[in-house]
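What follows is the residue order along each chain.
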Amino acid sequence: MLGKIKQGLKKTRENVFSKLNNVFSAHKKIDEDLLEEIEEILITGDVGVDTTMEIIEHLRQQAKRQKAESPEDLQKILKEELSRQLLAPPEESVTHRPYVVLVVGVNGTGKTTSIAKLAHHYKQQGKNVLLAAADTFRAAAIEQLDIWAQRLGCEIIKHQPGADPAAVVFDALTAAKARNVDYVIIDTAGRLHTKVNLMSELSKIYRVIDKQIPGAPHEVILVIDAGNGQNAVNQAREFVKAVKVNSIFLTKLDGTARGGVVLSIKRQLGIPVKYIGLGEKMTDFELFNPQEFLEGLFAKE
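Residues numbered from 1 in each chain as written. Predicted model: local features only at pLDDT ≥ 70, side-chain atom pairs only at ≥ 80, totals over all residues. Heavy atoms only, no water.

Per an unreviewed UniProt entry, the recorded name for the chain is Signal recognition particle receptor FtsY, and the organism is Caldithrix abyssi DSM 13497. The annotation that UniProt attaches to the chain under Sequence similarities (unreviewed entry) is "Belongs to the GTP-binding SRP family. FtsY subfamily." The Subunit (unreviewed entry) field of the UniProt record for the chain holds the comment "Part of the signal recognition particle protein translocation system, which is composed of SRP and FtsY." (UniProt positions renumbered as here; feature names shortened; annotations may be inferred.)

So, in structure tokens, the structure goes:
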């Protein structure tokens, strides 16, 4: 698993975090020049200005408190701080049945493929999965999800293109309860026609879910394309306002040098990255592990 994460973070590591290793090796002492170089590397690595400034201030304070003497000492403090920043709450056990997962995000982020990976993950655990094609504003989205459902052996509830997304969700949840399904994964639109407000539509879907199954959705996953860097964080804020997002699926991590955005997401949105996509295959999916992620970032080739 670590090998897969290491390979997936290759671009981020080579373009950003290997520079950190070089900076620590090149300096003989801890001084402002060293801190400024670290700051510049983190910002260019899409860690984000605010998050970077917080990290640098922490390094400055801890170096003084711990009486750190060498750049190696400071590197250890940095790794500890990054680990703390990425720390996620312990995983809650799934007690609801059906367990309802609402997936949101802008079109083009890899949302449908991420749903398929998630469904495959549950199927591997022997669970029954039902997909709901509630992105009715794109015929291609319904077709794509239908193809994945057939490949994975999942049931799917779909309507005609242009149908009311909330009606699809209502029918999907009714079917899930009747068929004793373990997981329902709901796809939603990432962009709607100009006359329809996307966030209002998502809020409506959320209300329909809660009415059908009180307390649901149990998980709201926001799919973010790692390659969009800080723009993805700004985009995410709008979705967080509309629905109660509680986990992030970060896609296309293998194709970008902007893996540092993971740190910015956690700090700015207060939502942990729970899943990561490292390719196009069903198996190119991992549950996010902060320690393995950091080892992948700082690994030496």
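Colleague: Quick question: what am I supposed to make of the pattern of salt bridges here?
Modeller: Where charged atoms of side chains with opposite charge meet at close range, the side chains can pair. Counted according to the given criterion, the structure contains 15 salt bridges. The closest approach of N and O atoms between E14 and K10, which form a salt bridge, is 2.8 Å. Placement of the pair is E14 and K10 together in helix 2 (residues 10–26), with a separation of four residues, close to one helical turn. Measuring nitrogen to oxygen at the nearest pair gives 2.5 Å for the salt bridge that ties E155 to R179. Within this pair, whereas E155 is found in strand 3 (residues 155–157), its partner R179 is found in helix 8 (residues 165–179), the two being separated by 24 residues in sequence. Using a relative accessible area of 35% as the deciding quantity, one classes E155 as partly exposed. Note on R179: relative accessible area 43%, which makes it partly exposed. Each of the salt bridges in this network shares a partner with another, and the network as a whole consists of E32, E57 and R60. (Salt bridge = Lys/Arg side-chain N within 4 Å of Asp/Glu carboxyl O. Helix = DSSP H or I, 4+ residues; strand = E, 2+ residues; numbered from the N terminus. Buried < 20%, exposed > 50% of the residue type's maximum accessible area, 1.4 Å probe, protein only.)

Colleague: Please explain unusual backbone geometry as it appears in this structure.
Modeller: Residues apart from glycine generally show negative phi values, whereas peptide bonds are mostly found in trans. The step from R97 to P98 runs through a cis peptide bond, and the omega angle for that step is 0°. When you line up the elements, P98 lands in the loop between helix 5 (71–86) and strand 1 (99–104). Backbone torsion omega between A216 and P217 reads 0°, so that peptide bond is classified as cis. You can see P217 is positioned in the loop between helix 9 (198–212) and strand 5 (219–225). Positioned with a positive phi, D46 is a non-glycine residue whose angle comes to about 65°.

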